[in-house]
Amino acid sequence: MNIDGTIEFIAALFMLAGSIMALISAIGIIRLPDVFTRSHAGTKSSTLAVLLTLVGAFIYFASNQGFYSVRLLLGIAFVFLTAPVAGHVITRAAYRANVKMADTTVEDELKDVMDQVREEAEKERSETGEVIIEDEKVADKEHSR
Amino acid sequence: MVQGMLTVALTFYGISICISVFRIIIGPSLPDRIVALDMIGVMLVSSIAIVSVMLTTTAFLEVILILAILAFISTIAFSKYIERGVILEYRRDD
């Protein structure tokens, strides 16, 4: 086997490893109990899957055609940058929308803070009589923590 | 050998996308469905990379970037809709 064939084999191995990661992440997304654990499977391992696959494609095109694709590198950087952000934003929205957690959940530290903020908002509203938007108060509290 | 490995990888991606579609159908809440939708977008990106390697053409590499950007923006818009009930806000006092 010559050197080009070996490099192509390594690239295909990268892609196969990425697809196995994707399969593991799909198993996670169907088996895990609630949305907060499912978002782990949906963002972390599938990010690794797409990273391995795109690296494999980059190696393949670099060895086979001598084409160093800037688009693939940009795609790798973009996916690596945005997938954790997307996962965080979805989980935050799910918590705000009061999605039910799994029965095996042992601790919810944010719940106390949210209750406290809601009580303070109620008190302030009854004192001053003005309308307060609770979401903004919660956001302020989170940022100051 | 290499073609066989690529075919197997593409099959695995197809199975993963089917499982995510199943989660979209049965998902109890809206965030579940959006997590699965985000995952489908990411897996579509990598299966397009595999297809372009199988066909040994670099014409599909633009699709990867655009699909990644679209998946990210749609995820952000959906989660904003869950959180606030609106996608575009028109408040001027921020």
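Since the model is a prediction, treat every value here as computed from it, not as a measurement. (Residues numbered from 1 in each chain as written. Chains lettered and ligands numbered in written order. Predicted model: local features only at pLDDT ≥ 70, side-chain atom pairs only at ≥ 80, totals over all residues.)

### Quick notes on the overall build of chain A
Along the backbone of chain A there are 5 helices and 0 strands. Out of the 145 residues belonging to chain A, those deemed buried represent 30%. Residue pairs in contact within chain A that sit at least 24 positions apart in sequence constitute 64% of those at least 6 positions apart. (Helix = DSSP H or I, 4+ residues; strand = E, 2+ residues; numbered from the N terminus. Buried ≥ 20, exposed ≤ 12 C-beta atoms within 10 Å, placed from the backbone. Contact = placed C-beta atoms within 7 Å.)

### Observations concerning unusual backbone geometry
Glycine aside, residues mostly have negative phi, and peptide bonds are mostly found in the trans state. Of note, threonine 56 of chain B is a non-glycine position whose phi angle comes to about 45 degrees, a positive value. Relative to the helices and strands, threonine 56 of chain B is located in the loop between helix H2 (30-54) and helix H3 (61-84).

### As for the confidence of the model for chain B
Residues and elements named next belong to chain B. Taken over all residues, the pLDDT of chain B has a mean of 86, while the share at 70 or more is 89%. When pLDDT is averaged over each helix and strand of chain B, the minimum, 88, is found for H3 and the maximum, 91, for helix H1 (residues 2-26). Both confidence scores are given for the complex: pTM 0.81, ipTM 0.85. (pLDDT = per-residue confidence, 0-100.)

### A word on H3 of chain B
The terminal C-alpha atoms of H3 of chain B, which comprises 24 residues, lie 36 Å apart, in line with the 34 Å expected from a rise of 1.5 Å per residue. Looking at H3 of chain B, one finds that the buried residues are Leu61, Ile64, Ala68, Ala71, Phe72, Thr75, Phe78 and Ser79 of chain B. Next to the buried residues of H3 of chain B lie helix H3 (70-96) of chain A together with H2 of chain B. (Expected span 1.5 Å × (residues − 1).)

### A short note on the UniProt feature "transmembrane region" (unreviewed entry) in chain A
Residue and element names in this part refer to chain A. In this structure's numbering, the residues bearing the UniProt feature "transmembrane region" (unreviewed entry) are residues 6-30, 42-62 and 68-91. Taken end to end, residues 6-30 comprises 100% helix and 0% strand; its first and last C-alpha atoms sit 36 Å apart. With 92% helix and 0% strand, the stretch residues 68-91 has end C-alpha atoms that lie 37 Å from each other. (UniProt positions renumbered as here; feature names shortened; annotations may be inferred.)

### A few points about the interface of chain A and chain B
Listed by partner, the interface residues are 45 residues for chain A and 44 residues for chain B. Of all elements in the fold, only helix H1 (3-31), helix H2 (35-64) and H3 of chain A reach the threshold of two or more residues within the side of chain A that touches chain B. Within the side of chain A that touches chain B, the residues separate by chemical class into 30 nonpolar, 11 polar and 4 charged. (Nonpolar A, V, L, I, M, F, W, Y, C, P; charged D, E, K, R; others polar.)

### Details of the nonpolar core
Within the largest apolar cluster, 52 residues are counted, with the highest numbers of intra-cluster contacts made by Met15 and Ala57 of chain A together with Ala9 and Val42 of chain B. Within the residue set of this core, elements represented by two or more residues are H1, H2 and H3 of chain A together with H1, H2 and H3 of chain B. Apart from residues no more than four positions distant in its own chain, alanine 9 of chain B is found in contact with Met15, Leu16 and Ser19 of chain A together with Ile50 of chain B. (Core = buried A, V, L, I, M, F, W, Y, C linked by C-beta atoms within 7 Å.)

### Some words on H3 of chain A
The first and last C-alpha atoms of H3 of chain A sit 39 Å apart over 27 residues, in line with the 39 Å expected at 1.5 Å per residue. At threonine 82 of chain A, H3 of chain A shows its strongest bend, of approximately 25 degrees, with the proline proline 84 of chain A following within four residues. Turning to H3 of chain A, its buried residues are Leu72, Gly75, Val79, Thr82, Ala83, Ala86, Gly87, Ile90, Thr91, Ala93 and Ala94 of chain A. Residues of H3 of chain A that are buried make contact with H2 of chain A together with H2 and H3 of chain B. Asparagine 98 of chain A sits one or two residues past H3 of chain A and shows a positive phi near 60 degrees. (Bend = angle between axes of the 7 residues up to and from the residue.)

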